[in-house]
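# Topology and contacts: notes
If you want the building blocks of each chain, they are given just below.
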Amino acid sequence: MTLGQEYLEALSGLRPIDISTYLTNGGWQDVDVIGRSQLWVFDEDDKEFEVLLPGDTAIRDYVPRMLSLFQTLSEIEQRPQSEILRDVTATGVDSQHFTTYPEGPPGTTSVADAVDAYEGLRWLYLSGAYAVDGEPRLVLPNRKSRVVEEFPRQVRLRPPRDGSYVISAEVPLALRPPEGALFSLGLPFARRVLLRLYDTIRTAKAAAAEASETSDLSPFTDRVGEGISITLCRALALFGGADRDRPFKLQFSWASTLPTGVRTSPIRFSEPEVAMLTQAEEDLGQQRHEEEWAHVTGTIFKLERATPEAFGWAVIDGVATVLKSERRGRRRRIWVSLHGDDYSAATRAHDFGLRVSMRGLLVRTASRTQLEEVGNFRVLEHG
C-alpha cells in the first residue's frame, strides 16, 4: 500500500484515547508502560503481537510510531490500514468485518462461496434484530415484526479491497425501529442489535466447540434461551463456503462517539465448528427421524465401548451419500454401532488415521446422526 501525505496527516491527528478504545474493544490488553508509551499485547492463533501506543501527540516520532502500530493491525486483521483508520475515526457507524478463507488461487473465490457469504450476512442481521425485538426461539417465526424485517436493509457494505476476502459492513447508529417496537430508550436500537448479535455469535461459538467434542447437538438446544436459533446457525455456516468446510473470523468495531465499555475480541470458527453449525442448521428442527440408506466415508473421530465384550460406538467425521439419489451430504458427525472384528478394525483405523467406509440406514434426529444396520465396513488403507 502506498501511503500518501493525506494518510500520514490523518495519523498525526489521531488521539491516543481513540486508539486505546479501538484496541480495548478488539481484545488487546494494556500490560505495561514504557517511557511515554503504553505496551499492548494481543494473542492470535497462538502468536503474540505487541504494539506501542504513544501517550502524547507531542512526542517527536508520534507519526512513525502510529504507522508501525497500524502496520501491525493491518497484518492481524488482514485489512488495509486505511480501512482500519476509517473504523478508528468513525463517529456515527458501527462496523463488522467477516474474514473468509476461500480455496483456490490467491485473490480469487468461487461464485458459490461469494453468494453464500453475502446471503449469510442477511440472515445474521435478521437473527440479531429478532434477538432484541422477539422472544428466544429455536425456529424463528415466518412472520416477524417490521423492525426485524427492515434491519438488514439498512446495513451498508464496503467492497473487498486489495484481493482481500474481508467483507465489511457498516450500521448507522441513527437507526431507530418503527413506533411500537419493543426497545429501550437508552442505546440506539442498532447498537443494541449489534451488542446482542455479538453475544449470540459468541454463544454459537461455544455451542459449536462443545458439540464438536461431544458429536451431539444438545449444546445448541441447551442455549436457545441465550439466542441460539436455526437461523443464526445457518447464517454463520454460510461463511464456511459452499461446502461448509472453511474457517472464518468475525470482528466488531464500534463508533468512537459511543464506546461500548466491553471487550469484544474477534470470534473465530474452525472447520470442525463450521461442520457442527451446518449439522445444527440441517437437523435441529427435525420433528421426527429422517431415515435414508447411505454410503458413509470418513475418519474416526472417537471410539466408545463399555467393556471389551460389548458392542462399541465409532463416531465418524465424514460425509454420507444417499444411495437412492446419489446425493452427497456435507461433513457431519455420524455415530456407528460396531461389533467384534469391525470394532477392532475401527480401532486400528483410528490409531493410524486411516479412512473408513460402510453402508447402512442413516438416521438423522435433532440430537445426533446414527448409522444403523451397518454393513460392508472397510478400512481404506490408501485413503
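Since the structure is predicted, the reported quantities are computational estimates derived from the model, not experimental observations.

## What to know about the overall build of the protein
- If you tally the helices and strands in the protein, you get 11 helices and 14 strands.
- Its C-alpha atoms give the protein principal-axis dimensions of about 75 × 50 × 40 Å.
- Of all 383 residues assigned to the protein, the portion counted as buried reaches 49%.
- At a minimum sequence separation of 6, the contacts of the protein that also span at least 24 residues come to 66%.
- Working note: accessible area of the protein is about 18,300 Å², and carbon and sulfur atoms make up 49% of it.
- Side chains of the protein carry 45 positive and 55 negative charges; the gap between the two charge centres is 4 Å.

## Describing the side chain of Ser229
- The topology assignment puts Ser229 in the loop between helix H8 (218-221) and helix H9 (230-237).
- On the basis of relative accessible area, Ser229 is assigned to the buried category, the value being 2%.
- Discounting chain neighbours no more than four positions away, the residues touching Ser229 are Arg137, Leu138 and Leu140.

## Here we look at the environment of Thr214
- For Thr214, the location among the structural elements is in helix H7 (residues 189-214).
- Separated by 101 residues in sequence, Thr214 and Val315 have C-alpha atoms that sit 9.6 Å apart.
- Other than its neighbours up to four places away in sequence, Thr214 contacts Pro219, Lys302 and Trp335.

## With respect to the nonpolar core
- Judged by nonpolar contacts, the single largest core of 53 residues is most densely connected at Leu124, Tyr125, Phe151, Ile201, Phe220, Leu236 and Phe269.
- Among the elements of the structure, helix H5 (111-133), helix H6 (146-154), strand S6 (166-172), H7, H9, strand S7 (248-253), strand S8 (267-269) and helix H10 (271-283) are those that each provide at least two residues to this core.
- Looking at this core, the element that brings in the most residues is H7, giving 11 residues.
- Counting residues in each nonpolar core, the second largest holds 22 residues, with Tyr7, Trp28, Phe49 and Leu53 among its members.

## So, the sheet that holds strand S4 (residues 93-100)
- Here we have 5 strands laid out as an open sheet, ordered S5-S6-S4-S7-S8, and antiparallel in their pairing. Edge positions in the sheet fall to strand S5 (156-158) and S8, since each has one partner strand and no second. The average angle at which neighbouring strand axes cross in this sheet is 20°, direction not considered.
- Helix H4 (residues 81-89) rests against S4, S5, S6 and S7 of the sheet, and its axis sits at about 150° to S5.

## Some remarks on the environment of Thr57
- For Thr57, the location among the structural elements is in the loop between strand S3 (47-54) and helix H3 (62-77).
- Judged by its relative accessible area of 43%, Thr57 falls in the partly exposed class.
- Residues Thr57 and Gln29, 28 residues apart in the sequence, show an inter-C-alpha distance of 21 Å.
- Residue contacts for Thr57: discarding those within four places in its chain leaves Leu14, Pro16 and Tyr62.

## Description of the pairing of S6
- The buried count for S6 comes to 6 of 7 residues, which makes it a mostly enclosed element.
- When S5 meets S6, the two strands line up antiparallel, connected through 3 bridges. From the neighbouring strand, Arg158 faces S6, where its bridge partner is Ser168.

## Here's the deal with the confidence of the model for the protein
- Mean pLDDT over the protein stands at 89; residues scoring 70 or higher make up 93%.
- Per-element averaging of pLDDT across the protein places strand S11 (residues 327-328) at the bottom with 78 and H9 at the top with 97.

## Digging into the packing of H9 against H10
- Remark: H9 packs on H10, axes separated minimally by 8 Å, with the N-to-C direction vectors making an angle of 140°. In terms of orientation, H9 lies oblique with respect to H10. Between H9 and H10 lies a crossing of left-handed hand. In contact with Ile230, Cys233, Arg234, Leu236 and Ala237 of H9, H10 contributes Val274, Leu277, Thr278, Ala280 and Glu281.
- Residues that form the contact of H9 with H10 fall into these classes: 7 nonpolar, 1 polar and 2 charged.

Reading the values: the criteria
Residues numbered from 1 in each chain as written. Predicted model: local features only at pLDDT ≥ 70, side-chain atom pairs only at ≥ 80, totals over all residues. Heavy atoms only, no water. Helix = DSSP H or I, 4+ residues; strand = E, 2+ residues; numbered from the N terminus. Buried < 20%, exposed > 50% of the residue type's maximum accessible area, 1.4 Å probe, protein only. Contact = heavy atoms within 4.5 Å. Areas by Shrake-Rupley, 256 points an atom, 1.4 Å probe, with all protein chains shown as cover. Lys, Arg positive; Asp, Glu negative; His and termini not counted. Charge placed at Lys NZ, Arg CZ, Asp CG, Glu CD. Core = buried A, V, L, I, M, F, W, Y, C linked by side-chain atoms within 4.5 Å. Pairing = 2+ DSSP bridges. Axes fitted to C-alpha atoms, helices over the stretch in contact; angles between N-to-C directions. pLDDT = per-residue confidence, 0-100. Parallel < 35°, antiparallel > 145°, perpendicular 65-115°, else oblique. Left-handed = near helix turned anticlockwise from the far one by under 90°. Nonpolar A, V, L, I, M, F, W, Y, C, P; charged D, E, K, R; others polar.

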